[in-house]
Amino acid sequence: MMTKKPLVALISATPLAIPPAEAAMAETFCEVEIWNLLDDRLMTEAALQGGLTPELAARMETLIDFAIGQGADAVLLTCSLYGSVADGFVAPIPVLAPDRAVFDDVTGSSYQRILVVASFEEALKDSAYRLGKDAAASGRAIEVTGVVATAAMTSAKSGNTRALVDDLAEAVEPASAGIDAVLLAQYSLAPAREDLERRLGIPVLSGPSSAAVKLRDAFVGSAPRGVLGAIADDYTGAVDVADALRSAGLRTLLFFGLDAPPEHLPEHDAIVIALKTRSVPAAEAVEESLTALDYLQQHRADQIYFKYCSTFDSTPEGNIGPVLTALAERLDADMVVTTPSSPHHARTVYSGQLFVGGVLLEDSHMAQHPLNPMTDSLLPRLLAAQTDRQIRSLSLETIRAGIGAIDAELGGHAGRQPSFVVADGITQDDLDALAVTQIDRPLVAGAAGFALAMGRARARRGDRAQSGDGASGNQFRSAVLAGSCSASTLEQISRFQSQGFPSYQLTATPEMTIESLSSDALRWYDALEEGSVPLFYSSVNAEELARIRAELDGDRVAAIFEQALASIAVGLRERGVDRFVVAGGETSGTVTQRLHVTGGIMGGRVDDGVAWLYTAQDPPLALLLKSGNFGDPDLFLRSTDPERAWGEIDD
């Protein structure tokens, strides 16, 4: 415990850098005394001389020595151009370069492409060079590029934050394609961070907040980091949300059920528990979800995300409402914000109505879902039928009015009857703004789009491990198993077959059994040429599906097909196949259970909501579990081709 306030000397080369540094310290580490040392000629002379000279470096070293000699407990430089001086300074107290902490955050994240922005060329060159050097030293392959926003110098001096955001955005937007995050090289640009992030729709990093956290940890130690715990109601949905959290910069673990939960976990920032509760009786779904909650809380989860389908897929009686209500009661969450909006998957919410690909849910192909037909688009009405809680709405107009408007609207619900708030959202920017207001709530809920936004908000706050990016594997023998009848999966099957890959269809007959289907399929596989990549599928088009339902017991057929595909997977595993692509949520759940896969760590993304999972078992497996509606037509082709990096794409 500290007996006196530490004295932190802020050494600045421009007065513009002082307020952002002081604000960050006040927010994160208020138990300090700030001492400002300003030499406002350091910046001017560096500009006149074309950058940092030995003489200017020596002058900064003199200021650091002075601060230490006068009793400073730590020194923080606030001018990025002089960062190398702090990095090379040996002292008995912490002496931080302005961007040392944020550089550590970058190299400890999963970001692969960083765009550095500065208001003058010398600052950009220095920051980009040192970040690249840090990345190389950490073993991370991070691509560092940069832009100069010359006009930002004037707007920063004027104190006009809106103009500063405009000037930075004008410089950054043309260069932001494919960028994972933007890093503001100077403290004077930090006031624009939050507004610029909302405008760009990608994380924006700056030095002051990271530096304040690092100094706080140096004096009082870092408290154990809380993690985000997610409970998903099906297996492919769990992969979808786990991939979203991983791409947000969180090191993410995924576990299938809790039959044999691991107690000792690798370093992580998020845990996703995959359940199969979407179509089971509500009481069973509630019980399993609360068991998952107990496990997550035992492993330091300080916020729970309940992940349901982006098309609000549920049984007619409704499992989403009962599970959400039970979680809220256990967590004492009187108000819970939820939205199935997931713009990357073309799921959007406007005026409380859910749209799929631009059309109302009830008019989309999801109205013909074989298990849970979705024939109502109005989310408040759907949810109200499943819970006793009051249902409220948060309009797109309020969300786009900004964080203050969102807080004001939600604050008006505080202390009232327990409620669920269904939020609109059309773009990822809408969800990112909403997530900022929910970062300290014990429970939030929705699809992968809102999960991505929550992950980004937590990553910006520093809720992530200092470690490398996701896993990879050396599995080389592939097979595809498809049980989904969605249009996307049918197209992927057709594309795979058109390229000459062998395929085997399971056919519904009155006399079929799990054993006969799987043994016939494996005999077919055994006759293939060595090294073949096979496809096994039970998928059929809508007409054939209707015939099966009319002539046979549709539920029995579906159950037999699922178990047969899982038996085929077991047989393939025994024959050396170690990389499985599985299409369909129910099929994925059954296959992983029969393969005794309990979980693993998320790897690279193959498509939106589709990413590799590398298991911890020995020998390890690689699994790509795909929701039926997800993925481009060539997904099966890419994900089974080692020459195409198993289909992995840049986030």
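Quick caveat, the model's predicted, so the values are computed rather than measured.

Draft legend 1. Structural detail: the nonpolar core. If you look at the biggest cluster of nonpolar residues, it comprises 113 residues, and the most contacted ones within it are Val-75, Tyr-82 and Leu-572. Sort the elements by how many residues they give to this core and helix H22 (residues 554-574) lands first, with nine residues.

Draft legend 2. Region of interest: helix H19 (residues 487-498). Under the 1.5 Å per step criterion, the end-to-end length of H19 is 16 Å for twelve residues, consistent within 8% with the ideal 16 Å. Among all positions in H19, only Thr-489, Gln-492, Ile-493 and Phe-496 are buried. Buried residues along H19 cover an arc of 100 degrees about the axis, so they all sit on one side. What points out from H19, more than 90 degrees from its buried face, is the exposed set Ala-487 and Ser-498. For H19, the elements touching its buried residues are strand E20 (478-482), strand E22 (535-537), strand E23 (579-583), strand E26 (622-626) and helix H24 (635-639).

Draft legend 3. Focus on the packing of H22 against helix H23 (residues 585-594). Remark: H22 packs on H23, axes separated minimally by 8 Å, with the N-to-C direction vectors making an angle of 40 degrees. For the element pair H22 / H23, the angle class is oblique. Between H22 and H23 the crossing geometry is right-handed. The residues of H23 that touch H22, namely those facing Glu-562, Gln-563, Leu-565, Ala-566, Ser-567, Ala-569 and Val-570, are Glu-586, Thr-587, Thr-590, Val-591 and Arg-594. Split into classes, the residues belonging to the contact of H22 with H23 amount to five nonpolar, four polar and three charged.

Draft legend 4. Broad picture of the pairing of E20. Counting buried residues in E20 gives five out of five residues, a clear majority hidden from the surface. Because side chains alternate across E20, one face comprises the buried residues Ser-478, Val-480 and Ala-482, and the other comprises Ala-479 and Leu-481, equally buried. Bridge count between E20 and E23: five bridges; the pairing is parallel. For Ala-482, the partnering residue across the bridge sits in E23 and is Ala-583. Sheet analysis places E20 next to E22, joined by three bridges and oriented parallel. Paired with Val-480 across the strands is Leu-535, a residue of E22.

Draft legend 5. The arrangement of helix H3 (residues 54-69) in detail. Across its 16 residues, H3 extends 22 Å between first and last C-alpha, which sits within 8% of the 22 Å expected from 1.5 Å per residue. Buried residues of H3: Leu-56, Ala-57, Met-60, Ile-64 and Ala-67, and no others. Seen from one end, H3 has its buried residues packed into an arc of 105 degrees, which puts them on one side. The outward face of H3, more than 90 degrees from its buried face, is lined by the exposed residues Pro-54, Glu-55, Thr-62 and Gly-69. In the core, the buried residues of H3 are packed alongside strand E1 (7-12), strand E2 (33-38), helix H2 (42-48), strand E3 (74-77), helix H4 (83-87) and strand E4 (95-96). Looking one or two residues beyond H3, the residue adopting positive phi is Gly-71, at roughly 100 degrees.

Draft legend 6. Broad picture of the side chain of Asp-167. Position of Asp-167 among the secondary structure elements: in helix H8 (residues 161-172). Comment: no salt bridge for buried Asp-167; closest opposite-charge side chain is Arg-199, at 8.5 Å. Residues contacting Asp-167, with those up to four places away along its chain left out, are Ala-149, Ala-151, Ala-152 and Ser-155.

Draft legend 7. Structural detail: the pattern of salt bridges. Under the counting rule described, the total for this entry stands at 33 salt bridges. Note that Asp-233 is salt-bridged to Arg-278, the shortest N-O span being 2.8 Å. Taken together, the positions of Asp-233 in the loop between strand E9 (227-232) and helix H11 (235-247) and Arg-278 in the loop between strand E11 (270-274) and helix H12 (282-298) put the pair 45 residues apart, joining distant regions of the chain. Arg-278 carries the same exposure label as Asp-233, and that label is buried. Asp-243 serves as the salt-bridge partner of Arg-605, at 2.7 Å between the closest nitrogen and oxygen. Of this pair, Arg-605 sits in strand E24 (residues 599-607) while Asp-243 sits in helix H11, placing them 362 residues apart in sequence. Residue class for Arg-605 comes out buried when judged on its relative accessible area of 12%.

About the cut-offs
Residues numbered from 1 in each chain as written. Predicted model: local features only at pLDDT ≥ 70, side-chain atom pairs only at ≥ 80, totals over all residues. Heavy atoms only, no water. Core = buried A, V, L, I, M, F, W, Y, C linked by side-chain atoms within 4.5 Å. Buried < 20%, exposed > 50% of the residue type's maximum accessible area, 1.4 Å probe, protein only. Helix = DSSP H or I, 4+ residues; strand = E, 2+ residues; numbered from the N terminus. Expected span 1.5 Å × (residues − 1). Arc of directions from axis to C-beta. Contact = heavy atoms within 4.5 Å. Axes fitted to C-alpha atoms, helices over the stretch in contact; angles between N-to-C directions. Parallel < 35°, antiparallel > 145°, perpendicular 65-115°, else oblique. Left-handed = near helix turned anticlockwise from the far one by under 90°. Nonpolar A, V, L, I, M, F, W, Y, C, P; charged D, E, K, R; others polar. Pairing = 2+ DSSP bridges. Lys, Arg positive; Asp, Glu negative; His and termini not counted. Salt bridge = Lys/Arg side-chain N within 4 Å of Asp/Glu carboxyl O.

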